[in-house]
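# Observations on the model geometry
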Amino acid sequence: MTPSDRKRLIAKHVRELSRDGRMQRSRNFIQHGSTSVYEHSVRVAYYSLSMADFLHLHRDRRELVRGALLHDYFLYDWHEKDKSHNLHGFRHPFTALRNAEADFTLSRRERNIILRHMFPLIPAPPTCLEGWIVCMVDKGCSVYEVIK
Ligand SMILES: [Fe+2]
Ligand SMILES: [Fe+2]
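A brief structural summary. Here the residue numbering is sequential within each chain, running from 1 through the sequence in written order. A letter from A marks each chain and a number from 1 marks each ligand, given out in the order of writing. Per-residue local features of the predicted model are confined to residues with pLDDT of at least 70, and side-chain atom pairs are confined, for both listing and counting, to 80 or more; whole-chain, interface and lining totals are unaffected and use all residues.

Burial is judged by counting the other C-beta atoms within 10 Å of a residue's own C-beta: 20 or more makes it buried, 12 or fewer makes it exposed, and any count in between marks it as partly exposed, with every C-beta position built from the backbone. Segments assigned H or I by DSSP are reported as helices when at least four residues long, segments assigned E as strands when at least two residues long, and all are numbered from the N terminus. Within helix 5 (residues 108-115), six of the eight residues are buried, which leaves it mostly tucked inside the rest of the structure. Among the residues of helix 5, those classed as buried are Arg109, Glu110, Asn112, Ile113, Ile114 and Leu115. The inward-facing, buried residues of helix 5 abut helix 3 (62-70), helix 4 (88-103) and helix 6 (129-147). Working definition of a contact: two residues with C-beta atoms, positioned from the backbone, lying within 7 Å.

Between the N-to-C directions of two axes lies an angle of 0 to 180 degrees, each axis being a line fitted to C-alpha atoms and, for a helix, fitted only over the stretch in contact. Between helix 2 (residues 37-54) and helix 6, the shortest axis-to-axis distance is 9 Å and the interhelical angle comes to 125°. By the angle between their axes, helix 2 is oblique relative to helix 6. The crossing of helix 2 and helix 6 is right-handed. Contact residues: His40, Arg43, Val44, Tyr47, Ser48, Met51 and Ala52 in helix 2; Ile133, Val134, Val137, Asp138, Gly140, Cys141 and Glu145 in helix 6. The classification used treats Ala, Val, Leu, Ile, Met, Phe, Trp, Tyr, Cys and Pro as nonpolar, Asp, Glu, Lys and Arg as charged, and all other residues, Gly among them, as polar. When grouped by side-chain class, the residues that make up the contact of helix 2 with helix 6 number eight nonpolar, three polar and three charged. Put simply, angles under 35 degrees are roughly parallel, angles over 145 are roughly antiparallel, angles from 65 to 115 are roughly perpendicular, and the rest are oblique. A crossing counts as left-handed when the near helix is turned anticlockwise from the far one by less than a right angle, and as right-handed when that turn is clockwise.

This part covers the packing of helix 3 against helix 6. Where helix 3 meets helix 6, the axes come as close as 10 Å, and the angle between the chain directions of the two elements is 40°. By the angle between their directions, the pair helix 3 and helix 6 is classed as oblique. When you trace helix 3 past helix 6, the crossing you get is right-handed. Where helix 3 abuts helix 6, its residues Glu63, Leu64, Gly67 and Ala68 lie against Glu130, Ile133 and Val134. Residue composition of the contact of helix 3 with helix 6, grouped by class: four nonpolar, one polar and two charged.

This part takes up unusual backbone geometry. Here the bond from Phe119 into Pro120 is cis, since omega is 10°, no more than 30 degrees from zero. Looking at the secondary structure, you find Pro120 in the loop between helix 5 and helix 6. The phi angle at Leu75 is positive, at roughly 60°, despite the residue not being glycine. Although it is not a glycine, Leu87 adopts a positive phi angle of roughly 55°.

Here you go:
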């Protein structure tokens, strides 16, 4: 896949997830540094596709892109002091999954990508290759966003 193929595929899924759900709301929440959750999720989707190419993963990329775009679909500002935001690092995959299931019909792999992306903080590893890709790319993107 060329970089523009990747961007096109991501844009298509962002459109779908914005039409059927609340993807655009994640533009209002900061993830790391000055990066919004929306930008972070698009970045994770982009580099997940790059890694899938690097690994010669020939499976359908739909689940990888949707899982990456939804992995942080928790839809609140975790920097805001609020009891419900306690232990954000541990709880947000469950919140993201609950929100995503309210808005979309997810596949088993998509659910796995969202739920397991905080491994090893949450000691349950992903059980599919797509889940491992998003889990690792998420770490790399987060470090980049914090230090950039
Ligand atoms: Fe996350
Ligand atoms: Fe993330």
